[in-house]
Amino acid sequence: MSDKRRDGGRPHGELVAEVPAVLSEAGEPLTARQVDAALGRGPVRTTTATILTRLHERGTVRRIPSGRGLACEQVRDAAGLLAGRMRHETGREPRRDLVLRRFASSLSANDEDTSRRLLLEAGDGSE
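Residues numbered from 1 in each chain as written. Predicted model: local features only at pLDDT ≥ 70, side-chain atom pairs only at ≥ 80, totals over all residues. Heavy atoms only, no water.

A. Seen up close, the overall build of the protein chain. For the protein chain, the count of helices and strands is six helices and two strands. When the helices and strands of the protein chain are listed from N to C terminus, the series reads α-α-α-β-β-α-α-α. Burial statistics for the protein chain: of 127 residues in total, 21% are counted as buried. Expressed as a percentage of contacts within the protein chain between residues at least 6 apart in sequence, the contacts between residues at least 24 apart total 34%. Here the protein chain displays about 9,200 Å² of accessible surface, and carbon together with sulfur accounts for 52% of that area. (Helix = DSSP H or I, 4+ residues; strand = E, 2+ residues; numbered from the N terminus. Buried < 20%, exposed > 50% of the residue type's maximum accessible area, 1.4 Å probe, protein only. Contact = heavy atoms within 4.5 Å. Areas by Shrake-Rupley, 256 points an atom, 1.4 Å probe, with all protein chains shown as cover.)

What follows is the structure in structure tokens.
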């Protein structure tokens, strides 16, 4: 099967990335149907509901009773989600030092300075 769904919908990976973005932008809990509406999708909401369930299982979204169903709100902001993905990916690699070294060598001078400052603050216990 190709990256796109047979019904002409978005590629699955794109949809998985868009659902948390919709929740973040909404600023309030949304049902799967409301997420679909924000994405401009048709009445089929099972894929979105599955994505929301998986995000809930990972602790990324919180479920809230809404009428006869559930609405979801994001637990972490976009930066927190990206940081979590980075931790997950580096955690999967047995040579974490190599991954981190390559990442650090790809940083701009400004990002390198910011990273150095943040690491020093984290070591101090400062915020």
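The structure having been displayed, the exposition proceeds.
B. Up close: the packing of helix H2 (residues 32-39) against helix H3 (residues 46-57). Close contact between H2 and H3 brings their axes to 9 Å; oriented N to C, the two are set at 115°. Here H3 runs roughly perpendicular to H2, going by the angle between their axes. Helix-helix and strand crossings are classified by hand; for H2 and H3 the assignment is right-handed. Seen from H2, the contacting residues are Ala32, Val35 and Asp36; seen from H3, they are Thr48, Ala49 and Leu52. In terms of residue class, the contact of H2 with H3 is built from four nonpolar, one polar and one charged. (Axes fitted to C-alpha atoms, helices over the stretch in contact; angles between N-to-C directions. Parallel < 35°, antiparallel > 145°, perpendicular 65-115°, else oblique. Left-handed = near helix turned anticlockwise from the far one by under 90°. Nonpolar A, V, L, I, M, F, W, Y, C, P; charged D, E, K, R; others polar.)

C. The side chain of threonine 48, seen in detail. Along the chain, the position of threonine 48 falls in helix H3. By relative accessible area, which is 0% here, threonine 48 ends up buried. Each residue touching threonine 48, except ones within four places of it in the same chain, is listed here: Val19, Ala32, Val35, Asp36 and Arg41.

D. Inspection of the pattern of salt bridges at higher detail. All told, the structure shown has six salt bridges when counted by the stated rule. For arginine 116, the salt bridge is made with glutamate 112, and the minimal N-O distance between the two is 3.1 Å. Of this pair, arginine 116 and glutamate 112 both sit in helix H6 (residues 109-124), four residues apart, roughly one helical turn. Its relative accessible area of 44% is what places arginine 116 among the partly exposed residues. Among the charged side chains, a salt-bridge network with shared partners connects Glu112, Asp113 and Arg116. (Salt bridge = Lys/Arg side-chain N within 4 Å of Asp/Glu carboxyl O.)

E. Highlighting a nonpolar patch on the surface. Residues Leu82, Met86 and Phe103 make up a contiguous nonpolar surface patch of about 270 Å² in total accessible area. Its relative accessible area of 41% is what places phenylalanine 103 among the partly exposed residues. (Patch = residues over 30% accessible without salt bridge, like charges linked within 9 Å, V, L, I, M, F, W, Y side chains within 5 Å.)

F. Representation of the nonpolar core within the structure. By size, the foremost hydrophobic cluster in this structure holds 13 residues, and its most contacted members are Val19, Leu23, Val35, Leu39 and Leu52. Breaking this core down by element, the ones donating at least two residues are helix H1 (12-26), H2 and H3. Residue contributions to this core peak at four residues, all from H1. Ignoring sequence-local partners within four residues, the contact set of leucine 52 consists of Val19, Leu23, Ala32, Val35, Val61 and Cys72. (Core = buried A, V, L, I, M, F, W, Y, C linked by side-chain atoms within 4.5 Å.)

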